[in-house]
Amino acid sequence: MGTVPAWRLRAAFARRLSDMYGTEVPAYTTLSAAVAEINEDVSRVDGDAGRLGGVERVAAERHGAIRVGTPGELRQVAAIFGAMGMRPVGFYDLREASSSSVPVVSTAFRPTEPAELARNPFRVFTSLLTTADRRFFDEDLQARLEAFLARRELFPAELLELADRAERDGGLDPEPAERFLTLAVDAFRLSADPIDGAWYRELARVSAVAADIGGVTGTHINHLTPRVLDIDRLYTEMGRRGITMIDEIQGPPRWDGPDVLLRQTSFRALEEKRRFRSADGGTEFGTLRVRFGEVEARGIALTTTGRALYDDLMTETDRRAAGATAADRAELAREVWTARFPRTERELAVNEQAFFTYRATAPERRPTDRQPPQDLAALLDQGWIEAAPIVYEDFLPRSAAGIFQSNLTEAGTRDATRSGTHYDRPWLAETIGRPVQDPIDLYAAQRDTSLAEARTELAAPPAAPA
Ligand code: OOG
Ligand code: NI
């Protein structure tokens, strides 16, 4: 067993990646500072601030986003994150969720055990280019794209070897751990290799995302997102600090009921200087604007039924807000939610619309004149059990597509007369060579275990005095 366990590698990687990204994208440092101030402030005045993950967890909490080109690259990414206790969870098809040209399917690598999430919940949204999708790439372009991708090496052999060792042994000794972290952070730096200008532009005509993935010889961290406890306040604060955000916060509206799922907003990164190679072999400096800043607030995980209601409310908001400004849309969304979304956590729990863990209340607070009932509502209402919300640890395809899209200048092109290649979660699992878990199963297992334990405790005869 390595003396630096997986979770310490994960926490250290997240911290170092954050330091590195701050030097590459200065606005990220401004964002992180504003987030830290707001989180401290909210924790000071709101005794419940740690209800959806402790304040220390939230202070360190980040998600990154990366994009890769081939199944082989994705398998290597899975091994590197596997070394840090991060497993692929969820399947997101952004080709369908987006009106612009976003030819990728994605998963998120993250810890899955509650204790591991509490230690450090670092997650990375990881997208794979769908090179076989004829709506975007014709046969000739696909062949050239795949040949280009086959020639590049994203991760040095030493990094992959250390990753395998870490995963096998559950960690690494301090010296190899240090080496692993250095190589892993380096692998996600913006590459200084010159870009083939003509090739990059050819791909960019199809999709800016395709060019960002397949037009360069490296991968890079595309954004690194801190979690904030009050995203509306952060939004205003960023404006005050001179950073222009996109014109809306994606996800559920601000309202006075329970916070659910995920709210996100972003700003466009500045132009970054990159070296381009021209047809005559010379190189010159140009600029690209591909990276950006993002911030998020997390709420309670929804069950399939709760999620269906969420999707329904989003559709209703879309319908009623067609052509409206972002501000009017937010107001309308609030109205729609106030009319139709459960107002309390209790309702979300007894309707089984959101996930909670349950535990038996202290014996002296349980009713003494009856036996515990069977159903959840009665158990809660009569004071037999207490509920604690489960944090939503995943992503939303529509918000993700919105984040991709809001940061593209060109919509790209897609041939709508052709049908798309089908990809799904089993395909992804096979491609990665590891199980890809369904987020709903993870939340449900956590709920079920806690409820079974609570019931057992309630059924147990009082312990005999020693
Ligand atoms: C990923 C976009 C999705 C999120 O938070 O929804 C995402 C990307 O731009 O590569 O990170
Ligand atoms: Ni993101």
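These remarks concern the structure in this document.

**Comments concerning the overall build of the protein**
- A count of helical and extended segments in the protein gives 19 helices and 14 strands.
- A compact globule built from 466 residues would reach a C-alpha radius of gyration of about 23 Å, and the protein, at 24 Å, matches this within 12%.
- Here the protein, with 466 residues, has 54% of them falling under the buried criterion.
- A separation threshold of at least 6 residues defines the contact pool for the protein, and within that pool the share at least 24 residues apart is 76%.
- A total of about 20800 Å² of accessible surface is found on the protein, and carbon and sulfur atoms cover 50% of it.
- Taking the average place of the 59 positive charges on the side chains of the protein and the average place of its 72 negative ones, the gap between the two points comes to 1 Å.

**What about the site of ligand 1?**
- Around ligand 1 sit His-63, Ala-65, Arg-67, Phe-125, Asn-222, His-223, Gln-264, Phe-292, Glu-294, Phe-395, Ala-400 and Phe-404, and those are all the residues in its vicinity.
- Note that an oxygen atom of ligand 1 is positioned 2.9 Å from one of the side-chain N or O atoms of His-223.
- The side chain of Gln-264 places a nitrogen or oxygen atom 2.8 Å from an oxygen atom of ligand 1.
- Calculation on ligand 1 without its partners gives an accessible area of 320 Å², and the protein chains cover 100% of this total.
- Of all the secondary-structure elements, those providing two or more residues to the shell around ligand 1 are strand S2 (62-68), strand S12 (292-298) and helix H17 (397-406).
- A class-by-class count of the residues in the shell around ligand 1 yields 6 nonpolar, 4 polar and 2 charged.

**Notes on the coordination of the nickel ion (ligand 2)**
- Those protein atoms acting as donors to the nickel ion (ligand 2) are His-63 (NE2), His-223 (NE2) and Glu-294 (OE), and they sit at 2.1 Å.
- Here the donor residues for the nickel ion (ligand 2) map to a single chain with the spacing H-x159-H-x70-E. Taken together, the residues span a long stretch of sequence, with His-223 in strand S8 (residues 223-226) and Glu-294 in strand S12 at a distance of 71 residues. As far as the burial class goes, His-223 and Glu-294 line up, both buried.

Scoring rules and cut-offs
Here the residue numbers are simple positions, counted from 1 along each chain's written sequence. Here chains are named by letter from A upward and ligands by number from 1 upward, in the order in which they appear as written. Where totals are concerned, whole chains, interfaces and linings use all residues; where local detail is concerned, this predicted model gives features only for residues with pLDDT of at least 70, and gives and counts side-chain atom pairs only at 80 or more. Working from all heavy atoms in the structure, the side-chain values ignore hydrogens and water. Counting from the N terminus, the helices are the DSSP runs of H or I reaching at least four residues and the strands are the DSSP runs of E reaching at least two. The quantity called the radius of gyration is restricted to C-alpha atoms. Its globule counterpart is 2.2 Å times the number of residues to the power 0.38. Three labels apply to residues, based on accessible area from a 1.4 Å probe with only protein chains included: buried if under 20% of the type maximum, exposed if over 50%, partly exposed otherwise in between. Note on contacts: a residue pair is in contact if any heavy atoms of the two residues lie within 4.5 Å. Values of accessible area rely on a 1.4 Å probe in the Shrake-Rupley scheme; residue burial ignores everything except the protein chains shown. Only four residue types enter the charge count, namely Lys and Arg as positive and Asp and Glu as negative; His and the chain termini do not. All charge positions are set by atom: Lys at NZ, Arg at CZ, Asp at CG, Glu at CD. Think of it this way: one heavy atom of a residue within 4 Å of a molecule or strand is enough to make that residue near it. For the purposes of these results, a polar contact is taken to be a pair of N or O atoms within 3.5 Å, where, inside protein, one atom must be able to donate a hydrogen and its partner to accept one; residues adjacent in sequence count only when each atom of the pair is a side-chain atom. Residue polarity follows a fixed list, in which Ala, Val, Leu, Ile, Met, Phe, Trp, Tyr, Cys and Pro are nonpolar, Asp, Glu, Lys and Arg are charged, and the others, Gly among them, are polar. With water excluded from the atoms, a metal site may look incomplete; its donors are any N, O or S atoms within 2.8 Å, or within 3.2 Å for Na, K and Ca.

Interpretation note: all reported values are geometric properties and have no functional meaning in isolation.
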